[in-house]
Amino acid sequence: MNDIKILAIESSCDETAASVVKNGRTILSNVISSQIDIHTLYGGVVPEIASRKHIERINQVIRRALAEADTTLDDLDAIAVTYGPGLVGALLVGVAEAKAIAYAKKLPLIGVHHIEGHVAANYIEHPDLEPPFLCLIVSGGHTHLVVVKDYGEFEILGRTRDDAAGEAFDKVARAIGLGYPGGPKIDKAAKEGNSCAIGFPRGKVGDSTYDFTFSGLKSAVLNYLNHAEMTCQPVNTADVAASFQQSVVDVLVEHTMNAAKELNMKKVAIAGGVAANTALRTAMEEACKKRKITFYRPSPIFCTDNAAMIGCAGYYEYLKGTRHGWDLNAVPNLKLGERG
Ligand code: KG4
Ligand code: ZN
């Protein structure tokens, strides 16, 4: 079979990214232009600014991705693009760009689900990984425990009932004065703290084994901070960060291991921005080792938003025959497993 080269575009939130991917798993380039510096000024992502910055940067990012891959538009077999979920204005920039290139070059257009992309990030560095496997998806907007039954096919076992794991990291980081982006800052601060210092609750959803809840934990952190302020007690930021992080990690690992045992899954993967978390990676790895489960995780650069993962997921959609028309639209609340 001839090589299949896909240009992938990702613009669902605050990263403008493009990548050229060969045969699904070989990354020829992976260009990410982050807007973090700009949004830091506002303490979080400002959707209008994100869209504007995507427009300013997307052509440059694509040009660089092609150049680094030593590829031209004429060498491509398809264009893959994230079309949901995400910020509508941000998604529209990538979708419009992908359509324009695909139309001009008469190439197939493949819309990719952003979360499907996060899961596919695991294929990039693990050539042996094939479905079925269990995957914990933890990003800024999603917390799902799924069985990946086949490429792009998921059975959802559990999901968050309130905040996503990444959202909890971001909100707690703001409360303890670490600012945006919260996840990496808590990860770093926690390394200096004692994870047993404060006994924050482990969120349980009464009627479900696999669903998650983080709002009680978030409230517990806020109550702890308020109480300390009212009683003029000093707050050890590193201890709060480490104890909060431990509480999140314990629940994520426990649910994942329960599912692995129940379903007798011998392969476990993690995906999404929070999968870059040092404590989660270590704890999941140890838990898997103890149970003789093979553990897969993308390098941190492939955990947070990037276009290589979209090219990887797009390749398997390409093989399945998925082709989108010129009416492909951004779907901000696209559900996992749903086709737009
Ligand atoms: O997957 P992602 O880049 O974007 C979404 O699709 O949402 O995830 C972003 C989330 C943010 O909430 C961010 O704080 C979190 O992932 N994150 C982390 C770490 N790096 C990113 N959370 C914990 N530890 C990290 N090292
Ligand atoms: Zn993401």
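What counts and how
- Residues numbered from 1 in each chain as written.
- Chains lettered and ligands numbered in written order.
- Predicted model: local features only at pLDDT ≥ 70, side-chain atom pairs only at ≥ 80, totals over all residues.
- Heavy atoms only, no water.
- 1 Å grid on protein atoms, 1.4 Å probe; cavity = no way out; pocket = protein on both sides within 12 Å on 5 of 7 lines; lining within 4 Å.
- Points joined across faces, edges and corners; volume = space filled by probe spheres on them.
- Helix = DSSP H or I, 4+ residues; strand = E, 2+ residues; numbered from the N terminus.
- Nonpolar A, V, L, I, M, F, W, Y, C, P; charged D, E, K, R; others polar.
- Domains from an automatic or database assignment.
- Axes fitted to C-alpha atoms, helices over the stretch in contact; angles between N-to-C directions.
- Left-handed = near helix turned anticlockwise from the far one by under 90°.
- Contact = heavy atoms within 4.5 Å.
- Buried area = accessible area lost by both parts, 1.4 Å probe.
- Salt bridge = Lys/Arg side-chain N within 4 Å of Asp/Glu carboxyl O.
- Donors = N, O, S within 2.8 Å, 3.2 Å for Na, K, Ca; no water.

## Points about the layout of surface pockets
Rolled over the atoms, a probe sized like a water molecule indicates the empty space that remains. Here the largest pocket defines a volume of roughly 1,100 Å³. Contributing to the lining of the largest pocket are 37 residues, with C13, D14, S139, G140 and D170 lying nearest its centre. At the level of secondary structure, the elements contributing two or more residues to the lining of the largest pocket comprise α4 (114–125), α5 (165–175) and α6 (182–190). Element by element, the count of residues in the lining of the largest pocket is highest for α5, at six residues. Among the residues forming the lining of the largest pocket, the class breakdown is 13 nonpolar, 16 polar and eight charged. Split by domain, the residues of the lining of the largest pocket number at least three in each of domain 1 (5–119 + 303–320) and domain 2 (131–300). Taken as a whole, the second largest pocket encloses approximately 210 Å³ of empty space. H142, H144, R159, K335 and L336 are the residues nearest the centre of the second largest pocket, which is lined by 14 residues in total. For the lining of the second largest pocket, the elements supplying multiple residues, two or more each, are β7 (143–150) and β8 (153–159). In terms of residue class, the lining of the second largest pocket is made up of five nonpolar, seven polar and two charged. Residue-level mapping places the lining of the second largest pocket at the junction of two domains, with at least three residues from each of domain 1 (5–119 + 303–320) and domain 2 (131–300).

## As for the packing of helix α8 (residues 237–263) against helix α9 (residues 278–290)
Across the interface, α8 lies against α9 with an axial gap of 10 Å and an inter-helix angle of 35°. Both α8 and α9 take part in a crossing whose hand is right-handed. Of the residues in α9, those touching α8 at Q245, V249, L252, V253, T256 and M257 are A279, L280, A283, M284, A287 and C288. Partitioned by chemical class, the residues of the contact of α8 with α9 number 10 nonpolar, two polar and no charged.

## Points about the domain arrangement of the chain
Domains assigned within the chain are domain 1 (5–119 + 303–320) and domain 2 (131–300). The centre of domain 1, based on its C-alpha atoms, is set 27 Å off from the matching centre of domain 2. In this complex, domain 1 contributes 18 residues to the contact, which on the side of domain 2 involves 21 residues. Taking both partners together, domain 1 and domain 2 bury about 1,500 Å²; carbon and sulfur atoms supply 69% of that area. Seen at the junction of domain 1 and domain 2, the total is zero salt bridges. Listed by contribution, the elements that provide at least two residues to the side of domain 1 that touches domain 2 are α1 (36–40), α4 and α11 (308–320). It is α4 that provides the largest number of residues to the side of domain 1 that touches domain 2, a total of four residues. Among the residues forming the side of domain 1 that touches domain 2, the class breakdown is seven nonpolar, six polar and five charged.

## Comments concerning the coordination of the zinc ion (ligand 2)
In the first shell of the zinc ion (ligand 2), the protein supplies H114 (NE2), H118 (NE2) and D305 (OD), at 2.0 Å from the metal. Ordering the donors of the zinc ion (ligand 2) by residue number gives the pattern H-x3-H-x186-D. Of this pair, H118 sits in helix α4 while D305 sits in the loop between α10 (300–303) and α11, and the two are 187 residues apart along the sequence.

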